[in-house]
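Letter by letter, the chains look like this.
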Amino acid sequence: MPQTPHPAPRVLGIAIPSPLRRLFDYRPCGEAPSGGWQPGIRVRVPFGRRQLVGVVIECRNDSELALKDLKPIDACLDATPLPADWLWLCRFTARYYQHPLGDTLHQAMPVLLRQGRPLTARTRERWRLTAVGQAADAAELARAPRQAALLAMLHQHPHGLGTQAILAQSFTREQLRALVDKGLLSRLEEPATAHPRDSTGARLAEPAIPLNREQSVALAALHEGLDRYHPCLLEGVTGSGKTEVYLQLIEAVVGQGRQALVLVPEIGLTPQTLARFRQRFRVPVVALHSGLTDHERFDAWEAAASGRAPIVIGTRSAIFTPLARPGVIIVDEEHDGSFKQQDGLRYHARDLAVARAHHHAIPLLLGSATPSLESLSRARSGDWRHLTLTQRASRHAPARLELVDLRGRPRQGGLIPPVIETIRETLAAGHQVLVFINRRGFAPTLACHACGWLAECDHCDARMTLHRQPPLLACHHCDRRRVLPEACPKCASIDLRPLGSGTERTEETLAGLFPKVPVHRIDRDSTRRRDAFEQVLAELRRGEPCLLVGTQMLAKGHHLPHVTLVVVVNADAGLYASDFRALEQSAQLLIQVAGRAGRADHPGRVLVQTLHGDDPHLQTLAEQGYAALADQLLEERRAAGLPPFRFLALLRLESPREDAVSALGHQVAEALRQWLASRRLEVGCLGPVPAPMERRQNRYHAQLMLTSERRSRLHEAGAWLTAWLEASPEARRVRWSLDIDPQTL
Ligand code: ADP
Ligand code: ZN
Ligand code: ZN
């Protein structure tokens, strides 16, 4: 809701990046911004001994403090406020996640804005021939051969060229100026992100693919709701052409002169994804991801805010991109865990997308082959429109999961003989094989065969992973490293052996079994170098038989047309985990991995090794697919009173001192229970209990869980809790945070 500027407020309520959930009052001073004081104007203020950039939230005439005691601001940084849609979203986020507004605003703006830079586009110089210049003949400049050459080069570039590009060809500024003086050339200054406009005015660079029947039905449904809040879940098997539906929906939105915001998982914003969008559209597509420099991020943000960028594609934090003319929000792989921020401001970008689409009254499209149970239940209840794609665009249906019993079979690098035989046959047929194993390193740990000692981290309740490249023990929770012991630290035996398999060991085993076939390993260790992953993908596209061993980095998004066999080394990790979402998440991962098989000309097979082949969940998934398992899980969640049927909030406490965590935990739980009872508020309170991994990085973790059938009740309780903790002296010695809608416990 746009605020009318306040002519001359005596007090500015300012949000400042601080852990306190309140505004700080200052006096305006100096000249008022040209558009008048209003929420969203950045100011520089003295704060303690520092100077900070804050954002004006309230313009008032009164304060709880005496006006004469208020400090004046140091400087006003904006003539007009930061974008109103962005400010709305930040205020919503702060309220919903019970996070300090000042920190929310700080997190949600690019670094350069945090530092006070004005929100105006950076510009660059471009040189373009005038009409006279275009008609001129280079021969007329025979006496100035370099100018003639420059003119000839510019003839090749009707949109003009940047200064850099020209100087790189050893032309000089003097030569440019000479052409300008002759009336042949003009100098333009334009935003750094400007895109040469296409003279034809066409939006598409390549024609859209004719849709199949299911895709057409989905697109037609989406077209019905272009001008209102219209939430849709597009549930489509891997390779069913969801992206093609997104592209054609975006085309329609951009055709109306509006903007599309596309969120993709961290792992999904690959050069191929971007290339696919950029190939299709002639209009600028700006990308927001972690690889950008501060300046590039600022440019992209500014281009979106000014409306110059019709298509914005980015990972989680891109939800905070302001849009001048929002037209649609699309969340691809909406179930993906990377949309939830796991520290600080613990927001879920998909849930904010829902709120934002609602606020703007625009369509929202969530796509996935394996939708989250939250989204599925809203689609099934009719709250959201449920669109489905069941057919793959290519000839072959996604492969069925074949469960392979591991019990009592010898393993080599985690693989049993019949699976190794199938790998051999697949390679002999000239195809590629993907071996999925969700542990990097050589082996999950090192064990002493004499006394049973296991390599454990000194700082965490966790075992250390054995690595061979280079050889060391590493804790994957705190990154602590240790040299390999030569003998058991407990009994001095030298019979130390790796326990279990990780990517390195499976890679080594496969390389030994298939010496003539290249083996590529893809995990966080092997892809530290930026282009390493891209190189492997390029190699795979050549289509020669090869083996690919990797973690979940491989599972998503990548189109691997020559892979016809997928092997899952062990499906059991998620089956009996304590976290109530573990089953949902491991089913999603299995289906995503399986979706890599048989995407082109040949059908695929998926072999899933397990010790629990008779597990009812695993059987449902293998025999009836994800939707059937989701039904089963939803019923279980309903019976257990878990999301999406009840809402959760988790208070997390941590400290290097175990007693401090436990004392505060009991104190806050007691106070909360009393308050809940006095208010007769139907909110369940469980705990405090130690977190699943109690000690991490030498800090102790405990948690208190709040549950309620009504979100509003939970928020009331959360607000009371944060206020209590802010006021409690004990809470100052313990780090605490409230996680609304936690994804992991
Ligand atoms: P998803 O996003 O559901 O995994 P994609 O949109 O990436 O699926 O489509 C998978 C493959 O099928 C891509 O190579 C795409 O170009 C192709 N494809 C999608 N729709 C069609 C169609 N209607 N006709 C032919 N090929 C299609
Ligand atoms: Zn020992
Ligand atoms: Zn550790």
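Along each chain, numbering runs from 1 in the same order as the chain's sequence is written. Chains and ligands are labelled sequentially in the order written, the chains with letters from A and the ligands with numbers from 1. The predicted nature of this model means local features are confined to residues of pLDDT at least 70 and side-chain atom pairs, given and counted, to a pLDDT of 80 or more, with totals for whole chains, interfaces and linings taken over all residues.

Q: Which residues make up the overall build of the protein, and what are the values?
A: Here a strand is any run of E in DSSP of at least two residues, a helix any run of H or I of at least four, and the numbering for each starts at the N terminus. Of the regular secondary structure elements, the protein holds 21 helices and 30 strands. For a compact globule the rule gives 2.2 Å times the number of residues to the power 0.38, and the radius of gyration it is set against comes from C-alpha atoms. Expected size for 745 residues packed as a compact globule is a radius of gyration near 27 Å; at 29 Å, the protein falls within 12% of this value. On the principal axes, the C-alpha backbone points of the protein span a range of 85 × 75 × 55 Å. Think of it as a crowd count around each C-beta: if 20 or more other C-beta atoms lie within 10 Å the residue is buried, if 12 or fewer it is exposed, and in between it is partly exposed, with C-beta placed from the backbone throughout. Buried positions account for 43% of the 745 residues belonging to the protein. The long-range fraction of contacts in the protein, counting pairs at least 24 apart against all pairs at least 6 apart in sequence, stands at 76%. What counts as a contact here is a pair of residues whose C-beta atoms, placed from the backbone, lie within 7 Å.

Q: Just give me the short version of the sheet that holds strand β2 (residues 24-26), but keep the residues and values in it.
A: Pairing between strands is defined by DSSP: at least two bridges between the two strands are required. Ordered by their spatial adjacency, 5 strands build an open sheet running β2-β1-β4-β3-β5, and the pairing between neighbours is antiparallel. A strand with exactly one partner marks an edge of an open sheet, and here the two such strands are β2 and β5 (75-76). Where strand β3 (residues 42-47) meets strand β4 (residues 50-60), 6 bridges bridge the pair, whose relative direction is antiparallel. For R44, the partnering residue across the bridge sits in β4 and is V53.

Q: An account of the site of ligand 1 is requested, with residue identities and associated values reported.
A: Among the 13 residues in the neighbourhood of ligand 1, the closest are listed as G241, K242, T243, E244 and A393. Element by element, the count of residues in the shell around ligand 1 is highest for helix α9 (residues 242-255), at 3 residues. Three categories are distinguished: nonpolar for Ala, Val, Leu, Ile, Met, Phe, Trp, Tyr, Cys and Pro, charged for Asp, Glu, Lys and Arg, and polar for the others, with Gly belonging to the last. For the shell around ligand 1, the residue count by class is 3 nonpolar, 8 polar and 2 charged. We call a residue near a molecule or strand when its C-beta atom, built from the backbone, sits within 6 Å of it.

Q: Give me the lowdown on the sheet that holds strand β20 (residues 471-474), citing residues and values where you can.
A: Judged by pairing direction, the sheet is antiparallel, and its 3 strands sit side by side in the order β19-β20-β21 without closing on themselves. Edge positions in the sheet fall to β19 (465-468) and β21 (481-482), since each has one partner strand and no second.

Q: Let's hear about the domain arrangement of the protein: which residues, and what values?
A: Domain start and stop points were drawn from an automatic or database domain assignment. Parsing the protein into structural domains produces domain 1 (11-115), domain 2 (123-191), domain 3 (223-389), domain 4 (401-442 + 500-637) and domain 5 (647-740). Once you take the C-alpha centre of each, domain 2 and domain 4 turn out to be 56 Å apart.

Q: Please set out the packing of helix α18 (residues 616-624) against helix α19 (residues 626-640) residue by residue, giving values where relevant.
A: Where α18 contacts α19, the axes come no closer than 7 Å and their chain directions differ by 145°. Between α18 and α19, the contacting residues are H617, T620, L621 and Q624 on the first element and Y626, A628, L629 and Q632 on the second. Here the contact of α18 with α19 is composed, by residue class, of 4 nonpolar, 4 polar and no charged. To obtain an axis, a line is fitted to C-alpha atoms, over the contacting stretch when the element is a helix, and the angle between two such axes runs from 0 to 180 degrees between their N-to-C directions.

Q: Hey, could you go over the packing of helix α17 (residues 582-594) against α19 for me, with residue numbers and the actual values?
A: At their nearest, the axes of α17 and α19 sit 11 Å apart, and the two run at 180° to each other. Viewed along their axes, α17 and α19 adopt a mutual orientation that is roughly antiparallel. Here L583, E584, A587 and I591 of α17 lie close against α19, whose contacting residues are Y626, L629 and L633. A class-by-class count of the residues in the contact of α17 with α19 yields 6 nonpolar, no polar and 1 charged. Here the angle decides the label: under 35 degrees means roughly parallel, over 145 means roughly antiparallel, 65 to 115 means roughly perpendicular, and every other value means oblique.

Q: Please set out the pairing of strand β26 (residues 605-610) residue by residue, giving values where relevant.
A: Extensive coverage of β26 is indicated by the burial of 5 of its 6 residues. In this structure, strand β25 (residues 563-568) lies alongside β26, joined through 4 bridges in parallel fashion. If you follow V567 over to β26, its bridge partner there is L607.

Q: Please provide a residue-by-residue account of the UniProt feature "binding site: Zn(2+) 1" (unreviewed entry) in the protein, values included.
A: Mapped onto the present numbering, the UniProt feature "binding site: Zn(2+) 1" (unreviewed entry) falls at C448, C451, C488 and C491. Spanning 44 residues, the named residues nonetheless gather at one spot, since no C-alpha pair among them exceeds 8.6 Å. In this fold, C451 is placed in the loop between β18 (445-448) and β19. Assessed through the 12 C-beta atoms surrounding it within 10 Å, C451 is described here as exposed. The topology assignment puts C491 in the loop between β21 and β22 (496-499). Sequence-distant contacts of C491, that is, excluding residues within four places in its chain, are made with C448, A450, C451 and W453. UniProt positions are given in the numbering used here, feature names are shortened, and annotations may be inferred rather than shown by experiment.

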